[in-house]
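Descriptive analysis of the structure
Residues per chain, in single letters:
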Amino acid sequence: ATIRSNDASSGIESIMYQLDGGIWSIYYSGVEVSEEGDHEIAFFAVDQAGNQADTVNVTFSIDLSIPVAQSILIGEQGQNGWYVSEVEVNLTAQDNVSGVATLLYRLDGSDWMAYSANLSIEADGQHTVDYFATDRAGNNGTIGSVVVMLDKIGPSSSCELNGTAGLQGWYN
C-alpha cells in the first residue's frame, strides 16, 4: 500500500501508520502486506507546524489461493468405464478465503457457460466436460476435466444362414 499526504502551507513532517492493530511506525515507502485474510491500515500525517491530520482507516482483504472445483457423475455404470443410462454431471466449487464467484463449464469444447444446475448427458458416445471456478478476488482455479462414456443402446446382431433352403426352414 502507498500512503500519500500533502500540506499546502508548511509541508509534511511525517506520516505514521499502523498495520492490523500493531505498533505505530513512521512511513517511509510502501507498506507490504502479503498474508491472506482481512487487513486494516490506519495512518495520519503531521505537518511541519505540528498539526496532526485525522486518522484514516483503510480495510482490504487478500486472497492468494485458487478455488477448487470438482465433478461427480451420477448414472448407471456398465462395464469398462461406460455408463448405460443418462448421466448427470454435478459440479461443485469451494474457496475458503474470499468465496466462489463463478463456476464455469464447457461440453465437448463448446463455449464456456456459467454452471447453475446438473448437466444431463443423453447422447451416446464419449463426451468431455471441462470446468473451473473463479473466486471473488479474481483468482482462476485449475481447469478440471471429466470424460463421460455413454452407451445406452445394446448391440444389434444378425445371422445369415448358408446352404440351400429347402421347405419349412430346412436346409441341405
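This write-up is about the structure you can find in this document. (Residues numbered from 1 in each chain as written. Predicted model: local features only at pLDDT ≥ 70, side-chain atom pairs only at ≥ 80, totals over all residues. Heavy atoms only, no water.)

Observations concerning the sheet that holds strand S11 (residues 125-135)
- The five strands lie next to each other as S6-S12-S11-S8-S9, forming an open sheet whose pairing is mixed. The outermost strands of the open sheet, each flanked by one partner alone, are strand S6 (82-83) and strand S9 (113-114).
- Pairing analysis gives seven bridges linking strand S8 (residues 100-107) to S11, with the strands arranged antiparallel. Of the residues in S11, the one forming a bridge with Tyr105 is Tyr131. (Pairing = 2+ DSSP bridges. Helix = DSSP H or I, 4+ residues; strand = E, 2+ residues; numbered from the N terminus.)

Details of the sheet that holds strand S10 (residues 119-121)
- One open sheet holds the three strands; their spatial order is S5-S7-S10, and the pairing between them is antiparallel. Strands at the two margins of the open sheet, each flanked by one partner only, are strand S5 (68-74) and S10. Across this sheet, the average inter-strand angle for adjacent strands is 25 degrees, counted without regard to direction.
- Bridge count for strand S7 (residues 87-94) against S10 is three bridges, and the pairing is antiparallel. Residue pairing for S10: Val89 is matched across the bridge by Leu119. (Axes fitted to C-alpha atoms, helices over the stretch in contact; angles between N-to-C directions.)

Observations regarding the nonpolar core
- Val89, Leu91, Val129 and Tyr131 are the most contacted members of the largest nonpolar core, which has 16 residues in total.
- Breaking this core down by element, the ones donating at least two residues are S7, S8, S10, S11 and strand S12 (144-150).
- Setting aside residues up to four positions removed in sequence, Tyr131 forms contacts with Ala69, Gln70, Ser71, Leu91, Leu104, Tyr105, Trp112, Thr142, Ile143, Gly144, Ser145 and Val146.
- With ten residues, the next largest nonpolar core counts Ile3, Ile41, Phe43 and Ile62 among its residues. (Core = buried A, V, L, I, M, F, W, Y, C linked by side-chain atoms within 4.5 Å. Buried < 20%, exposed > 50% of the residue type's maximum accessible area, 1.4 Å probe, protein only. Contact = heavy atoms within 4.5 Å.)

Looking at the packing of aromatic side chains
- Going through the model one piece at a time under the given rule, you end up with four aromatic pairs.
- Relative to Tyr27, the ring of Tyr17 has its centre 6.1 Å away and its plane inclined at 90 degrees; by these criteria the two rings are edge-to-face. Taken together, the positions of Tyr17 in strand S1 (residues 12-19) and Tyr27 in the loop between strand S2 (25-26) and strand S3 (37-47) put the pair ten residues apart, joining distant regions of the chain. One exposure class covers both Tyr17 and Tyr27, and it is buried.
- Relative to Tyr115, the ring of Tyr105 lies with its centre 6.2 Å away and its plane at 90 degrees, an arrangement referred to as edge-to-face. With Tyr105 in strand S8 and Tyr115 in the loop between S9 and S10, the pair connects residues that are ten residues apart, well separated along the chain. Across the pair, Tyr115 and Tyr105 agree in class, each one buried. (Phe/Tyr/Trp six-rings, centres within 6.5 Å; stacked < 30°, edge-to-face > 60°.)

Topic: the pairing of S3
- Across the eleven residues that make up S3, a large majority, eight, are buried.
- Relative to S3, S1 is paired through seven bridges, and the arrangement is antiparallel. Paired with Ile12 across the two strands is Asp47, which belongs to S3.
- Here S3 runs beside strand S4 (residues 56-62); their pairing, made up of seven bridges, is antiparallel. Bridging across to S4, Glu40 finds its partner in Thr59.

Notes on the environment of Glu40
- Relative to the assigned elements, Glu40 resides in strand S3.
- Assessed through its relative accessible area of 32%, Glu40 is described here as partly exposed.
- Separated by 50 residues in sequence, Glu40 and Asn90 have C-alpha atoms that sit 39 Å apart.
- Beyond its immediate chain neighbours, meaning those up to four positions away, Glu40 contacts Gln18, Leu19, Asp20, Asn57, Val58 and Thr59.

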